[in-house]
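# Structure assessment
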Amino acid sequence: MAKLSRGTPITYGSIDKPSTNPTGVISIEIIDDSTGSDVTKFRGEMYASEVKLAYEADTNQATDSFGEVVSHCTYNQRKTLNLTGVVLSNNHAGSIPAGTDSTITKANSMFGAPFSAGMKLNVNFIDWQEVNSEPTPPVSENNTTTSNAGLGNFTITNAEKTRSSGNYAEWTISAIEYLSVAHGGDDTITD
Amino acid sequence: MSYRNQSEAAMAAYLQEKVGVPVLVGLRDEVKSMPCVVVSFVSAQENPPESGNMDIQMQIMVQSQIDDEGAPGALDVHEATVSEIDTALGSELLPGINQAGDFFHYFGKQEQSGPDRELQDMVVSEMFTITFAAALGDF
């Protein structure tokens, strides 16, 4: 029987729905380590309408007298994560801002949590190892299971919070992680 | 209760406080006497996906009979009711639809159109169509 007549497993959508995360929510955590110790500025969750991961590098070329590229190198290898989604109220004991409420007030408090570019971003996304944080992803009301098999160690480079008329308020976060030049090494927290 | 029942009940209860004529829900088991306001749920679409929150479209219709069999001064009552509904659906007042304990929460309005007037057999109908974001829950 042809494969197509039965269906084929394909990654679908921004959120897989294994039994470990049936509500389809990703947990995120923002940590300020500028003072030498970790201060958590946000620990909550979002419906991620889009999670985008890009691998990038800068390049340099050597050319001969005819202008032909005879050699090139890449450097500044990095991966860039873009998260877009709606932030939820997060009725969870570990929530930051704190509070175990399922209210609009708590949702507003989570949306308005102050943080800055340059802070660390941890993500709990079990089904996407490149995004999932290493070593300890955060948990939240609707995403309580974690996996330590993550490769994410991101720093926020850009963040936007949008409240527009006729729509839910949304966060857009861009974060970057520089990668080891030696590809044989682990992509770990020490990168 | 379903989204349909819950949102119709919430809208009807809210509008009943604003107008002086009966407010009925779309599917009812009572005889309609005009003038009246009929609230009916049209459709809902989940937004954001997987959240359980819905973008709900509703129609609010003011109906009056303006011939000899209609109530005296029916047209004046009709015009006044349309005006009251118009005000009640304004962004300033509509958040008042959120009542404690009704397991319905209105977040905000997305679109509104009307009143669109129709006259048929001396029954005048004016219809407002409104789309708003809402959830079943007491937030």
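Residues numbered from 1 in each chain as written. Chains lettered and ligands numbered in written order. Predicted model: local features only at pLDDT ≥ 70, side-chain atom pairs only at ≥ 80, totals over all residues.

### Points about the overall build of chain B
A count of helices and strands for chain B gives 2 helices and 5 strands. Taken against the 2.2 N^0.38 rule, which gives 14 Å for 139 residues, the C-alpha radius of gyration of chain B at 15 Å falls within 12% of a compact globule. Each principal axis of the C-alpha distribution contributes one length, and for chain B these read about 50 × 30 × 25 Å. Expressed as a percentage of its 139 residues, the buried residues of chain B come to 30%. (Helix = DSSP H or I, 4+ residues; strand = E, 2+ residues; numbered from the N terminus. Rg over C-alpha atoms; globule rule 2.2 N^0.38 Å. Buried ≥ 20, exposed ≤ 12 C-beta atoms within 10 Å, placed from the backbone.)

### Here's the deal with the nonpolar core
Residue and element names in this part refer to chain B. With 30 residues, the main nonpolar core has M11, L15, V23, V37, V39, I60 and I85 as its most contacted residues. Mapped onto this core, the elements with two or more residues apiece are α1 (3–16), β1 (23–25), β2 (36–46), β3 (54–65), α2 (74–88), β4 (105–120) and β5 (123–135). Not counting residues within four places of it along the chain, the set of residues in contact with V39 comprises E8, M11, A12, L15, V23, V25, G26, M58 and I60. (Core = buried A, V, L, I, M, F, W, Y, C linked by C-beta atoms within 7 Å. Contact = placed C-beta atoms within 7 Å.)

### Things to note about the sheet that holds β5 of chain B
Strands in a sheet are paired, the pairing made by backbone hydrogen bonds, and the direction either parallel or antiparallel. Residues and elements named next belong to chain B. Taken in spatial order, the 5 strands of this open sheet run β1-β2-β3-β5-β4, and their pairing is mixed. Here the strands that pair on one side only, and so sit at the sheet edges, are β1 and β4. When strand polarity is set aside, the average angle formed by the axes of neighbouring strands in this sheet is 20 degrees. Where β4 lies against β5, 12 bridges are found, and the strand directions are antiparallel. (Pairing = 2+ DSSP bridges. Axes fitted to C-alpha atoms, helices over the stretch in contact; angles between N-to-C directions.)

### Things to note about helix α1 (residues 104–111) of chain A
Residues and elements named next belong to chain A. Among the residues of α1, those classed as buried are K106, A107, M110 and F111. One side of α1 carries all its buried residues, which in axial view fall inside an arc of 140 degrees. Structurally, α1 contributes buried residues whose contacts are with β2 (39–63), β3 (69–87) and β5 (154–162). (Arc of directions from axis to C-beta.)

### Some words on the sheet that holds β5 of chain A
All names here are of chain A. Strand order in the closed barrel formed by 6 strands is β1-β2-β3-β6-β5-β4, with antiparallel pairing between adjacent strands. Mean inter-strand twist for the sheet, computed between neighbouring axes without regard to direction, equals 40 degrees. Two strands pair when backbone bridges link them, and strand β4 (residues 120–124) and β5 are joined in this way by 2 bridges, in the antiparallel orientation. Opposite K120, over in β5, you have T155 as the bridge partner.

### Regarding α2 of chain B
All names here are of chain B. When the terminal C-alpha atoms of α2 are compared, their 21 Å separation across 15 residues agrees well with the 21 Å that a helix rising 1.5 Å per residue should span. Restricting attention to buried positions, one finds in α2 the residues V77, H78, T81, V82, I85 and A88. The buried residues of α2 occupy one face: seen down the axis, they fall within an arc of 135 degrees. Looking at the buried positions of α2, the neighbouring elements they touch are α1, β2, β3, β4 and β5. (Expected span 1.5 Å × (residues − 1).)

### Section: the confidence of the model for chain B
Taken residue by residue, chain B gives an average pLDDT of 88. The fraction at 70 or more is 96%. In the model output, the complex is listed with pTM 0.82 alongside ipTM 0.73. (pLDDT = per-residue confidence, 0-100.)

### Some details on the interface of chain B and chain A
Of the residues lining the interface, 8 residues belong to chain B; the matching set on chain A comes to 10 residues. By residue number, the principal contributor to the side of chain B that touches chain A is β4 of chain B, which donates 3 residues. Its residues placed into classes, the side of chain B that touches chain A shows 3 nonpolar, 3 polar and 2 charged. (Nonpolar A, V, L, I, M, F, W, Y, C, P; charged D, E, K, R; others polar.)

### With respect to the pairing of β5 of chain B
One ladder, built from 12 bridges, connects β3 of chain B with β5 of chain B; its direction is antiparallel. Across the sheet, the residue bridging to V62 of chain B is E126 of chain B, located in β5 of chain B.

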